[in-house]
Amino acid sequence: MRNVGITGLGHYLPKRVLTNADLEQMVETSDEWIVSRTGIKERRIAGKDEKNSDMAIKAAREALKDARLDPARVELIIVATISPDSSFPSVACLVQKAVHAPRAAAFDVSAACSGFLYALTTAKQFIRNGVYKNALVIASEKITTYVNWNDRGTCVLFGDGAGACVLKPVAGKRGILSDYIHAQGHFGDLMMVVAEERDPLDQQTKMITLPHIAMQGQELFKVAVNSMAAAVGIAVKKAGLKLSDIDYVVPHQANDRIISAVARKLHLPKEKIFINIDRYGNMSAASIAVALYEAVERKKIKRGDYVVLVTFGAGLVSAANVVKW
Ligand code: UT7
């Protein structure tokens, strides 16, 4: 059994910025409400012609370069997404074609905001068991496709982006030390993509309602805090560590108040937790991948640190990994 580590990182963020001031022109909201309830100041929105796969490919190229991995040698590509270009081909196959990785197996994983850690954990098993020598794991979301821009309760929350990493065997007691992935399907109706139901043969209905996000925010908030705190505890224990051993936490960025509540529950100082929700909002699976990229880039995470990655999302699904960097 080989230890598996993250040996390269990449990211991509669309150029277009949507500020809270912009949203004040679109729905009845205020910068004060959005910042105090969520911590979000602005988010990125993919261009009309910018596909999910375009973002995934850019993040993937940067991760491959950072890991000095020749695309021709890539053996596995997994893309975490709930907003693919279309249901098929998978975004992973589109990435394979663009980066020229003919040897790779490629597939998408659907686990909403927990997708990146579900994909990371899946890819890790293949390398650990010796099936593949490396993997390219990407989280890419054009989640604003599903935003109802008339619903102030949800439209202020989301943004688009992509993050990626390369996994390879690493020497010594380093790399991904533990993983925990879990689902609570009975909470599925707290957040879902809905479209108005109508008879498919109804010729009279002219209005087409687009699928959009529907959410029970308050209920989701409570489950999110409990699920994330529990996931951290389980992953840390599985790694044979104590919470006091943890140097840094990179959480999913759904709401700054959720992150604070998890920190309080676990008695973790907020200085040990990476936050970038103010600049990007909730990018679903891509949030934690971009946060990890920025935490490493800003030297918040150093070689030898014990790092916890933790997420939750629609499904509901939660996940956590402990990584020795
Ligand atoms: O990645 C995964 C999933 N998503 C989440 O984890 C989200 C979890 N939930 C949350 O983050 C929070 O519940 C929200 C940020 C979505 C909402 O915050 P809240 O403190 O739970 O607000 P609320 O839904 O209880 O709404 C409070 C008030 C309501 O007005 P009334 O009924 O008290 O008069 C809302 O209509 O705030 C109103 N409101 C707004 N006001 C201004 C809701 N959205 C807005 C808005 N601007 N954008």
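Residues numbered from 1 in each chain as written. Predicted model: local features only at pLDDT ≥ 70, side-chain atom pairs only at ≥ 80, totals over all residues. Heavy atoms only, no water.

Explain the packing of aromatic side chains residue by residue, including any values.
Given two aromatic rings, one states the distance between the centres and the angle between the planes to describe the pair. Scanning the entire structure with this criterion turns up 1 aromatic pair. Summarising the aromatic geometry, the rings of F126 and Y132 are spaced 5.3 Å apart at their centres and angled 45° between planes, so their arrangement reads as tilted. (Phe/Tyr/Trp six-rings, centres within 6.5 Å; stacked < 30°, edge-to-face > 60°.)

If you had to explain the sheet that holds strand β6 (residues 135–141) to someone new, which residues and values would you point to?
Taking strand neighbours across the sheet as the criterion, the 5 strands line up as β1-β7-β6-β4-β5 in an open arrangement whose pairing is mixed. Because the sheet does not close on itself, it has two edges, and the strands there are β1 (3–12) and β5 (105–109). Here the average twist between neighbouring strands, direction ignored, is 20°. Examined bridge by bridge, β1 and strand β7 (residues 161–170) share 9 bridges and lie antiparallel to one another. Bridge pairing links Y12 to A162 in β7. (Pairing = 2+ DSSP bridges. Helix = DSSP H or I, 4+ residues; strand = E, 2+ residues; numbered from the N terminus. Axes fitted to C-alpha atoms, helices over the stretch in contact; angles between N-to-C directions.)

With reference to specific residues and values, describe the domain arrangement of the protein.
Each assigned domain of the protein is listed with its residue range as follows: domain 1 (4–173) and domain 2 (177–324). Across the contact, 48 residues belong to domain 1 and 43 residues belong to domain 2. For the pair domain 1 and domain 2, the two sides together bury roughly 3700 Å², of which 66% comes from carbon and sulfur. Looking at the side of domain 1 facing domain 2, the largest losses of area belong to C113, L117 and Y118, adding up to 18% of the total buried there. (Domains from an automatic or database assignment. Contact = heavy atoms within 4.5 Å. Buried area = accessible area lost by both parts, 1.4 Å probe.)

Can you break down the environment of G281 residue by residue, with the values?
Mapped onto the elements, G281 comes out in the loop between α9 (277–280) and α10 (285–297). With relative accessibility at 1%, the residue G281 sits in the buried group. Each residue touching G281, except ones within four places of it in the same chain, is listed here: I40, E42, R43, L157, Q253 and S287. (Buried < 20%, exposed > 50% of the residue type's maximum accessible area, 1.4 Å probe, protein only.)

Residues and numbers for the pattern of salt bridges, please.
Tallied over the entire structure, the rule returns 7 salt bridges. A salt bridge links K133 to E75; the nearest nitrogen and oxygen atoms lie 3.8 Å apart. Placement of the pair is K133 in the loop between α5 (115–128) and β6 and E75 in the loop between α3 (52–66) and β4 (76–80), with a sequence separation of 58 residues. Among the ionic pairs, D305 bridges to K302, the shortest N-O distance being 3.7 Å. Taking relative accessible area as the criterion, D305 reaches 10% and is therefore assigned buried. Bridged by salt links that share partners, the residues E75, R103 and K133 form one connected network. (Salt bridge = Lys/Arg side-chain N within 4 Å of Asp/Glu carboxyl O.)

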